[in-house]
Amino acid sequence: MTADDSLGRLHGDDYPAYTMGRAAEMLGTTQGFLRALGEARLITPLRSAGGHRRYSRYQLRIAARGRELVDQGTPIEAACRIIILEDQLEEAQRINAEYRSAAAAANAKAEA
């Protein structure tokens, strides 16, 4: 792996670049809230060699959505379920768009 490859990984959405303390600070929440999201299996932080939780940008976006729902009065378990369903819906919509695109391309090819 080259130095450029390593730097690219640091900027990726899935790279676990943030400690629990830094993640909580960035989200304006507590470390306990992040632990609760982990216990609810909404996010699963990676562990450093020393066993410390590390979060990615993607996980921080998920946690921020969880905080938004909890701040609106949604219980944490319900907030986690809502976020999981939102994520599943987004994935299903992406897959459907790919199928529609492929079907349109096949139809255009058949008509040509």
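It should be noted that the structure appears before, not after, this text.
Residues numbered from 1 in each chain as written. Predicted model: local features only at pLDDT ≥ 70, side-chain atom pairs only at ≥ 80, totals over all residues. Heavy atoms only, no water.

What about the side chain of S56?
Part 1: Relative to the helices and strands, S56 resides in the loop between β3 (53–55) and α4 (57–71).
Part 2: Here S56 falls in the buried class, since its relative accessible area comes to 3%.
Part 3: If we skip the residues at most four places from it in the chain, S56 touches D13, D14, Y15, P16 and Y18. (Helix = DSSP H or I, 4+ residues; strand = E, 2+ residues; numbered from the N terminus. Buried < 20%, exposed > 50% of the residue type's maximum accessible area, 1.4 Å probe, protein only. Contact = heavy atoms within 4.5 Å.)

Some remarks on the pattern of salt bridges
Part 1: Considering all chains together, one arrives at seven salt bridges under this definition.
Part 2: A salt bridge links R67 to D71; its shortest N-O distance comes to 3.6 Å. Remark: D71 and R67 occur in helix α4; sequence separation between them is four residues, near one turn of the helix.
Part 3: Among the residues examined, D71 registers a relative accessible area of 55% and is labelled exposed.
Part 4: The partner of E91 in a salt bridge is R94, with the nearest N and O atoms 2.5 Å apart. A residue pair is termed a helical-turn pair when its members lie 3 or 4 positions apart in one helix, as E91 and R94 do in helix α5 (residues 76–111) at three residues.
Part 5: What makes E91 partly exposed here is its relative accessible area of 36%. (Salt bridge = Lys/Arg side-chain N within 4 Å of Asp/Glu carboxyl O.)

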